[in-house]
Amino acid sequence: MSAITMRELTKVYPGGVRALDALDLDIVDGEFFALLGPSGCGKTTLLRTIAGLEVASGGSVHIGERNVTNLPPGKRDVAMVFQDYALFPHMTVQDNIAYPLRIKKVDRRERTGKAAETADELGLSALLQRRPGQLSGGQQQRVALARAMACHPQVFLLDEPLSNLDARLRLEARTFLKRLQRELGVTTVFVTHDQAEALALADRIAVMEGGRIRQVGTPTEVFRRPANTFVAGFIGSTPMNLVGTRVRGDELAVGAARLPLPDDARGQVTDGERLVYAVRPEYLDYSPTQVAGALSGQVVVVENLGSVSLVSLDVPTDDTDGGASSVQVVVAEGREPDPGDTGWVVPRPGRSLLYRDGDLVTAGAEAGVPAAAQG
Ligand code: ATP
């Protein structure tokens, strides 16, 4: 078993920066797990604390049944792949891969055999006698992975594993990495600041902010039901629309427009309450003609994204003081309006969310299921 369990894990750097703030997290055995968040949120510190490269200031880390909180890196049975791969430039690919085995005093024949075997699995057999300087970025990444794999660790820790590759190679390496992790089935934690990468690769994602975890969930959960407006704003290639609204009976008022109350917010809100209405640009439909239950506004920008366009409208949000919000909607190819047009955006059923003081207003995990029915 190589689940990773963290309890009240805290890291305060000299000078007082609280990089991890009493953090609790459970990573399941065999899981491909992403630590995601903006620069400075503490994700690298968390990875390095699991590795033992940083000493925790408080709390604990368990790998399987073992409390590793005070163990040095070499005793934790983890392998870390660094952002810059940290290969030895003067050593051949073969010696780089075999290096951790040499440190473990595995005899030469066995380590050469294991290095060759691992290189073969990663398609590196033809490159064993080259040095890192004679390899492409993608090949260097594979050598770094092979070096980590050769020891058969219980846990892989990957720090921004794709950030050194160009955009095209990144996609290839992403698919490769996902397949490799599936085949090996080793618990793997990776750090990324790229939400698309986390969504594409991970079984589950922890979204971090200021040394704390704001949500843990599958890619579908964090994309469809962000637990708070921080996650809502961070996940998605286009940010979630967040618009001020007021509850009016069983409707929501946004300026003069009236929208249906999301199903799972029924019974959870009070008449007249001010909330934030949220819907993703992908879950809105654009109409050039008036529709009931829609927001209307003036088209200000149309951005071509290839097969779709991202259309931004200025939507009046307050009848009294003339306030407006920018609302974005994804529109299919060939159906784009022109700047200056008046348009309507209609939320798809079941795809709107409400936030109160930054947190999701919900009756439970499943939309439409009253809290009482969920036990
Ligand atoms: P990035 O994506 O930029 O790498 P991150 O989320 O990985 O950011 P960390 O590198 O873990 O963030 O840093 C978390 C906080 O701790 C930041 O405020 C950072 O400035 C601070 N920090 C990191 N390393 C040290 C250190 N050695 N000494 C003091 N403060 C540090």
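Heads up: the structure comes first, above all this text.
Described in the following lines is the structure provided in the data block. Since the model is a prediction, treat every value here as computed from it, not as a measurement.

### Looking at the pairing of strand E13 (residues 257-260)
Stage number 1. Only one face of E13 is covered, namely the face carrying Ala257 and Leu259; the face carrying Arg258 and Pro260 is uncovered.
Stage number 2. With four bridges joining them, strand E12 (residues 251-254) and E13 adopt antiparallel strand pairing. Bridge assignment links Val254 to a residue of E13, and that residue is Ala257.
Stage number 3. In sequence, E12 turns back onto E13 through a hairpin of two residues, with Gly255 there showing a positive phi of about 55 degrees.

### Points about empty space enclosed by the protein
Stage number 1. Applying the stated criterion across every chain, the model contains two cavities of 30 Å³ or more.
Stage number 2. Approximately 90 Å³ is the volume found for the largest cavity.
Stage number 3. Forming the walls of the largest cavity are Leu145, Met149, Phe156, Leu158, Leu177, Leu180, Gln181, Leu184, Gly185, Val186 and Thr188.
Stage number 4. Counting only elements with at least two residues in the lining of the largest cavity, the list comes to helix H4 (137-149), strand E7 (155-159) and helix H5 (167-184).
Stage number 5. Looking at the lining of the largest cavity, its residues break down into eight nonpolar, three polar and no charged.
Stage number 6. If you add up the space inside the second largest cavity, you get close to 30 Å³.
Stage number 7. Lining the second largest cavity are Phe223, Arg224, Met240, Val279, Arg280, Tyr283, Arg351 and Leu353.
Stage number 8. A class-by-class count of the residues in the lining of the second largest cavity yields five nonpolar, no polar and three charged.

### Thoughts on helix H1 (residues 43-51)
Stage number 1. With seven of nine residues buried, H1 lies mostly within the body of the structure.
Stage number 2. Once H1 ends, the next one or two residues include Gly52, with phi positive near 95 degrees.

### A closer look at the sheet that holds strand E15 (residues 284-287)
Stage number 1. The strand order across the open sheet built from five strands is E15-E19-E16-E17-E18, with neighbouring strands paired in antiparallel fashion. The outermost strands of the open sheet, each flanked by one partner alone, are E15 and strand E18 (324-332). The average angle at which neighbouring strand axes cross in this sheet is 45 degrees, direction not considered.
Stage number 2. Here strand E16 (residues 295-304) runs beside strand E19 (residues 342-347); their pairing, made up of four bridges, is antiparallel.

### Quick word on the packing of aromatic side chains
Stage number 1. All told, the structure shown has four aromatic pairs when counted by the stated rule.
Stage number 2. Summarising the aromatic geometry, the rings of Phe230 and Phe234 are spaced 6.0 Å apart at their centres and angled 15 degrees between planes, so their arrangement reads as stacked. You can see Phe230 and its partner Phe234 sitting in helix H8 (residues 229-234), four residues apart, about one turn around the helix. Each member of the pair, Phe230 together with Phe234, is buried.
Stage number 3. Here the basic side chain of Arg351 rests over the ring of Tyr283, its NZ or CZ set 4.1 Å away from the ring centre.

### Considerations on helix H3 (residues 108-121)
Stage number 1. The terminal C-alpha atoms of H3, which comprises 14 residues, lie 20 Å apart, in line with the 20 Å expected from a rise of 1.5 Å per residue.
Stage number 2. Among all positions of H3, only Arg111, Ala115, Thr118 and Ala119 are buried. When H3 is viewed along its axis, its buried side chains cluster within an angular range of 100 degrees and face the same direction. Exposed residues on H3 whose side chains face more than 90 degrees from its buried face are Arg109 and Asp120.
Stage number 3. Close packing links the buried residues of H3 with helix H2 (93-103) and H4.
Stage number 4. Measuring from the side-chain oxygen of the N-cap residue of H3 to the backbone nitrogen of Arg109 gives 3.1 Å; that N-cap residue is Asp107.
Stage number 5. Positive phi appears at Gly123, one or two residues downstream of H3, with a value of about 70 degrees.

So, how was this worked out
Residues numbered from 1 in each chain as written. Predicted model: local features only at pLDDT ≥ 70, side-chain atom pairs only at ≥ 80, totals over all residues. Heavy atoms only, no water. Buried < 20%, exposed > 50% of the residue type's maximum accessible area, 1.4 Å probe, protein only. Helix = DSSP H or I, 4+ residues; strand = E, 2+ residues; numbered from the N terminus. Pairing = 2+ DSSP bridges. 1 Å grid on protein atoms, 1.4 Å probe; cavity = no way out; pocket = protein on both sides within 12 Å on 5 of 7 lines; lining within 4 Å. Points joined across faces, edges and corners; volume = space filled by probe spheres on them. Nonpolar A, V, L, I, M, F, W, Y, C, P; charged D, E, K, R; others polar. Axes fitted to C-alpha atoms, helices over the stretch in contact; angles between N-to-C directions. Phe/Tyr/Trp six-rings, centres within 6.5 Å; stacked < 30°, edge-to-face > 60°. Lys NZ or Arg CZ within 6 Å of the ring centre and 35° of its normal. Expected span 1.5 Å × (residues − 1). Arc of directions from axis to C-beta. Contact = heavy atoms within 4.5 Å. Polar contact = N/O pair within 3.5 Å; in protein donor to acceptor, adjacent residues only side chain to side chain.

The values are spatial; any link to function lies outside them.
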